[in-house]
Amino acid sequence: MPVNHEVSEDGKIVTIFVEERFDFSLHQAFRDAYIDSEIKNGKVIIDLQSTTYMDSSALGMILLLKDFTDNASSTIVIRNANESVYKVLYIAQFNRLMEIEQ
Amino acid sequence: MSIIDTKFEQKLALVVDDSLMQCTILSHLLSEQSYQVVTANNGKEAIEMYVKHQPDLVLMDINMPVMNGYEAAKKIKALSHKDSLAPLIFITSLDSDKAYIDSIEAGGDGILVRPFSSEVFKAKIKSIQRISDLYSQVKSLQQEQQKDAELAEKLMSDVIESRNVMLDRIDIAKQPAMLFSGDIQLTALCPNGDVHALLGDFTGHGLRSSIGAIPLAETFRAMTRKGFSLEQIIKQINQQLFHLLPKDLFLAVAFVKISLDEDVLYTFNAGLPDMYVIDNEAKIKNKLGSIHPPLGVLASLLGDVKVSVVPIAENDNVVMISDGILEARNKHGEMYDIERFEECIRTSATDNTIAQSLLEQVNEFSADAIQEDDLSIIVLPCGGWESSNQVLSQAPFEQELTIDEIDNTLLLWQWRLALHAEKLITVNPIPIVMSQMQELEGENQHFQSVYTIFTELFVNALDHGLLELDSKLKSTADGFALYYEERQQRLTSLSTGSIEIELYFYKTGTRNKLVIRIIDSGKGFNVEQYIDENKKHHDNIVKLSGRGVELVKELSYSLEYNSVGNAVEVSYIW
């Protein structure tokens, strides 16, 4: 599966893993990873350790997730982005919208 | 929205078998499935019949005289229309792995091994028909998508970008991807001849990526024409796109304003790759990176992010690109990237062929690979604008008015606006004044001069009168950036003071006379000393550090300060 996710025992942390190319083809899979979670005052971690590429539609998907987490009083953390993926996030200044661990 | 059309007309099948008996049996089975049937007795005939009848389905024997089934299948598949599958099923008694593999290799979509019951036959036809229907659905969806992309591209280039200005001086290069990907390039002129340019990249492909293009172009052009500042235009566009676009769509965009009088560049980069300032000796003088999330993401702009001011020289060029340039890939999957980009603009900067060279090099680099994203480049020269823009402003009226004209002066309307500290922070009265003028008097070529006069006077009243900024700060190009920063700071913390603006419009005989009066609540300045000083170093200092009064004087019929220096009255006659 190109998108996997884990939920912590207390249900407060959802971690989403994206494999290889994070682009429009993952639209549904990425949404499915969080949409049914009943997270509240929690955290969604996008772990990009296996992501090799990311395009602007992926940024759009993250914005949809942000809408979701905002409504659930939760936050987003992006971690383990490789250099080129980090650059895409940085050019879009997503560091101003959510936490990006370097 | 069109719906995939279902064919209600009877389907046609071609049966190819050298045995007449087999042909008859298969034809019978097919007609029970409500197919019309034509037959052929060898591969060669089959091809002829195929070309003539364009059947929806082919049933093909393998061993036949003249031309066998495999060969005929290959030729038929090569001839078949790309928009439909026209499935081909081999009918054989060769029940071996090899027969199966060879059938598929020859282009067959399935195989039926004799003997089979009529139920199995029907099931097979049904399943192959299902695949064929799916195939045509996919094809027609693909065509829809292609049409959308073409429409989007046409919209961008014909409707929106065809209204760009100054294309003889601004170099714009663009190459849409196979599936148009939402790049947009706009240029427009401010009332005083300053140049605004924008390079944008909407997320998504095809029509979806062009939803925001028309409002973007309209707002950018209208607000530029009316004299709004870059910052106000950006704010407005952001707000519009935020309301208009779905959450996951946004606009990565860079704005540039070349200010002719000040020799500076105003820029704002929200989500695009670095913009470059490069001189004609191939030296990269400045890189202006993204400082804000793309527009349409946040309801309002981040408070701490401002338009930046960058000094420029006559021979500089500004280079703006979309990420399609840097991310263009070759067939090994490597990206064009920054190093190649910088090398290319350096080598092409000296002979001013940046845009063209860049496009050529990227194409060369990614030859044999599919172009995944639009390629867009804008190259703006920083100097040489005066000559091309001067024609726009009208020469002022210089004769004295006759006694007769003075006697017949009639006030047609007057208009007054007083702005107090809090409003001055957020409201720019320049477009308000210009739009009042336009609404009352219609479009007029003289309004460019009026705009320049009014802008100079208002900026003086605000910057020097209320904010007490020293214009000497502006005497160097670097100082201008400092000045601008200081100005922003003082303006946002302004708590007292006001500026009054009054307009009087007269008819004097056959002429029109506009009187502009601006009064600020500041301390004023020593008018006589200022004029004396200005006369001393009249030649070069005036351009950067003067209060722009010289310019106003040149453009207007008369100019007078009160003795304190906090009220000014200018008349303009045409």
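Re the overall build of chain A
Link 1 in the chain: Each helix and strand in chain A was counted, giving three helices and seven strands.
Link 2 in the chain: Relative to the globule expectation of 13 Å for 102 residues, the C-alpha radius of gyration of chain A, 12 Å, shows essentially globular dimensions.
Link 3 in the chain: Over its C-alpha atoms, taken along the principal directions, chain A stretches across nearly 35 × 30 × 20 Å.
Link 4 in the chain: Within the span of chain A, comprising 102 residues, buried residues form 48% of the whole.
Link 5 in the chain: Carbon together with sulfur atoms contributes 45% to the accessible area of chain A, which is approximately 5,100 Å² in total.
Link 6 in the chain: Each charge class in chain A was averaged separately, 9 positive and 16 negative side chains, and the resulting centres sit 7 Å apart.

With respect to the pattern of salt bridges
Residues and elements named next belong to chain B.
Link 1 in the chain: This model, assessed by the stated rule, comprises 28 salt bridges over all chains.
Link 2 in the chain: For the salt bridge of glutamate 48 with lysine 44, the shortest nitrogen-to-oxygen distance reads 3.7 Å. With a gap of four residues between them, glutamate 48 and lysine 44 both fall in helix H2 (residues 43–53), about one helical turn apart.
Link 3 in the chain: A salt bridge links arginine 346 to glutamate 342; its shortest N-O distance comes to 3.7 Å. With arginine 346 and glutamate 342 both in helix H9 (residues 337–349) and four residues apart, the pair spans about one turn of that helix.
Link 4 in the chain: For glutamate 342, a relative accessible area of 12% puts it in the buried group.
Link 5 in the chain: One salt-bridge network, held together by shared partners, links Arg416, Glu500, Glu502, Arg517 and Glu569.

Topic: the nonpolar core
Link 1 in the chain: Core analysis: the largest hydrophobic core is formed by 72 residues, its most contacted members being Phe22(A), Leu89(A), Phe94(A) and Phe255(B).
Link 2 in the chain: A per-element tally of this core places helix H2 (residues 56–71) of chain A first, with seven residues.
Link 3 in the chain: Among residues more than four places away in sequence, those in contact with Leu89(A) are Leu48(A), Met54(A), Leu59(A), Ile62(A), Ile78(A), Ala81(A), Phe94(A), Asn95(A) and Ile100(A).
Link 4 in the chain: Among the nonpolar cores identified, the runner-up in size contains 43 residues, and Met434(B), Leu457(B), Leu469(B) and Leu503(B) belong to it.

A few points about the interface of chain B and chain A
Accessible area lost when the parts come together is the quantity often used to give the size of an interface.
Link 1 in the chain: Taken residue by residue, the interface counts 22 residues in chain B and 18 residues in chain A.
Link 2 in the chain: Summed over both sides, the interface of chain B with chain A buries roughly 1,500 Å², with 62% coming from carbon and sulfur.
Link 3 in the chain: For the chain B face of the interface with chain A, the top three residues by lost area are Lys247(B), Asp248(B) and Phe250(B), together amounting to 29%.
Link 4 in the chain: Here chain B and chain A share three salt bridges between them.
Link 5 in the chain: A salt bridge links Lys87(A) to Asp337(B); its shortest N-O distance comes to 3.9 Å.
Link 6 in the chain: The interface formed by chain B and chain A holds three residue pairs in polar contact (both at pLDDT 80 or more) in total.
Link 7 in the chain: When grouped by side-chain class, the residues that make up the side of chain B that touches chain A number eleven nonpolar, four polar and seven charged.

Some thoughts on the packing of aromatic side chains
Link 1 in the chain: Scanning the entire structure with this criterion turns up 15 aromatic pairs over all chains.
Link 2 in the chain: Here Tyr34(A) and Phe68(A) contribute two aromatic rings whose centre-to-centre distance is 5.0 Å and whose plane-to-plane angle is 50°, an arrangement assigned as tilted. With a gap of 34 residues between them, Tyr34(A) in helix H1 (residues 27–35) and Phe68(A) in helix H2 connect regions that are remote in the sequence.
Link 3 in the chain: Assessed through its relative accessible area of 3%, Tyr34(A) is described here as buried.
Link 4 in the chain: Judged by relative accessible area, which is 19%, Phe68(A) ranks as buried.
Link 5 in the chain: Note on Tyr336(B) and Phe365(B): the rings are 5.5 Å apart at their centroids and 70° apart in plane angle, and the pair reads as edge-to-face. Here Tyr336(B) is found in the loop between helix H8 (323–326) and H9, whereas its partner Phe365(B) is found in helix H10 (residues 354–365), with 29 residues between them in sequence.
Link 6 in the chain: For Phe365(B), a relative accessible area of 17% translates into the label buried.
Link 7 in the chain: Chaining the aromatic ring pairs together yields one cluster made of Trp413(B), Phe447(B), Phe505(B), Tyr572(B) and Trp574(B).

Regarding the packing of helix H14 (residues 429–441) of chain B against helix H15 (residues 447–466) of chain B
All names here are of chain B.
Link 1 in the chain: Axis separation between H14 and H15 bottoms out at 10 Å; the angle between their running directions is 150°. Classified by the angle between their axes, H14 and H15 sit roughly antiparallel to one another. At the point where H14 passes H15, the crossing takes the right-handed sense. Residues Pro429, Ile430, Val433, Met434, Met437, Gln438 and Glu441 of H14 pack against Phe447, Val450, Tyr451, Phe454, Thr455 and Phe458 of H15.
Link 2 in the chain: Looking at the contact of H14 with H15 residue by residue, the classes come out as ten nonpolar, two polar and one charged.

Rules and cut-offs
Residues numbered from 1 in each chain as written. Chains lettered and ligands numbered in written order. Predicted model: local features only at pLDDT ≥ 70, side-chain atom pairs only at ≥ 80, totals over all residues. Heavy atoms only, no water. Helix = DSSP H or I, 4+ residues; strand = E, 2+ residues; numbered from the N terminus. Rg over C-alpha atoms; globule rule 2.2 N^0.38 Å. Buried < 20%, exposed > 50% of the residue type's maximum accessible area, 1.4 Å probe, protein only. Areas by Shrake-Rupley, 256 points an atom, 1.4 Å probe, with all protein chains shown as cover. Lys, Arg positive; Asp, Glu negative; His and termini not counted. Charge placed at Lys NZ, Arg CZ, Asp CG, Glu CD. Salt bridge = Lys/Arg side-chain N within 4 Å of Asp/Glu carboxyl O. Core = buried A, V, L, I, M, F, W, Y, C linked by side-chain atoms within 4.5 Å. Contact = heavy atoms within 4.5 Å. Buried area = accessible area lost by both parts, 1.4 Å probe. Polar contact = N/O pair within 3.5 Å; in protein donor to acceptor, adjacent residues only side chain to side chain. Nonpolar A, V, L, I, M, F, W, Y, C, P; charged D, E, K, R; others polar. Phe/Tyr/Trp six-rings, centres within 6.5 Å; stacked < 30°, edge-to-face > 60°. Axes fitted to C-alpha atoms, helices over the stretch in contact; angles between N-to-C directions. Parallel < 35°, antiparallel > 145°, perpendicular 65-115°, else oblique. Left-handed = near helix turned anticlockwise from the far one by under 90°.

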